[in-house]
Each structure stands twice: as C-alpha cells, then as structure tokens.
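Structure at a glance
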Amino acid sequence: RLTTALETLMEQDSAHGRPLRAVLVVGRLSNGLPSRGFYDKAAELGYDTRDPVAFHKAQLSACLAHAQRGSV
C-alpha cells in the first residue's frame, strides 16, 4: 500500500507542477536514496532520471524550497 500511495502522490505532484515529495522517502539500504521504484515512476511521469543522484538532489532541493515558501 505504501508504494501505491507514494506513486499516487508523485502523480499528483507532477500534475500540479510541484516537486516530488516522495523524494523524502529513502531507504536504509540504498545509501540515503529512494528505491528504484521512485526513479521508475518518475521516468514514467516524464522526468529525466538518467543520473539518479543528481535527480534526487535536485528534487530534494526543490521540495525543501517549496516547503519553506509554505506551499506544501
């Protein structure tokens, strides 16, 4: 159920032009990065995920900036 909820959140964020808040969910075994499924879904939504570390960093920065503006 968690995977479905995160994918739905990613779809909603993408549709509304928001950063992908699912970027905040990282695994202990994945060196502080989201699971492969996060990148697969992001690619399905049209994001360029060829460099997973750079994509994660950019989305995380955008998400935190978005939250600081009080737009969450």
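Everything here concerns the structure above.
Treat the numbers as computed from the prediction; the structure is a model and nothing was measured.

Glancing now at the pattern of salt bridges. For the structure on display, the rule yields 6 salt bridges. The salt bridge partner of Arg21 is Asp13, with a shortest N-O separation of 2.7 Å. For Arg21, a relative accessible area of 24% translates into the label partly exposed. Ionic pairing is found between Arg50 and Asp48, a salt bridge with its closest N-O pair at 2.8 Å. Among the charged side chains, a salt-bridge network with shared partners connects Glu11, Lys41 and Glu44.

Turning our attention to helix α3 (residues 52-68). Note on helix geometry: an α-helix contains 3.6 residues per turn, so any two residues three or four positions apart are oriented the same way. With 17 residues, α3 should reach 24 Å at 1.5 Å per residue; the first-to-last C-alpha distance of 24 Å fits that figure. Every buried residue of α3 is accounted for by Phe55, His56, Gln59, Cys63 and His66. Along the axis of α3, the buried residues cluster in a sector spanning 100 degrees; they form a single face. In α3, the exposed positions angled more than 90 degrees off the buried face are occupied by Val53, Lys57 and Gln68. In the segment just after α3, Gly70 is the residue with positive phi, at about 75 degrees.

Tallied over the full model, the rule gives 4 aromatic pairs. With centroids separated by 5.2 Å and ring planes inclined at 80 degrees, the aromatic side chains of Phe38 and Tyr39 adopt a geometry described as edge-to-face. The same class applies to Phe38 and to Tyr39, which are both buried. An aromatic cluster of at least three residues, connected via ring pairs, comprises Phe38, Tyr39, Tyr47 and Phe55.

Definitions and limits used
Residues numbered from 1 in each chain as written. Predicted model: local features only at pLDDT ≥ 70, side-chain atom pairs only at ≥ 80, totals over all residues. Heavy atoms only, no water. Salt bridge = Lys/Arg side-chain N within 4 Å of Asp/Glu carboxyl O. Buried < 20%, exposed > 50% of the residue type's maximum accessible area, 1.4 Å probe, protein only. Helix = DSSP H or I, 4+ residues; strand = E, 2+ residues; numbered from the N terminus. Expected span 1.5 Å × (residues − 1). Arc of directions from axis to C-beta. Phe/Tyr/Trp six-rings, centres within 6.5 Å; stacked < 30°, edge-to-face > 60°.

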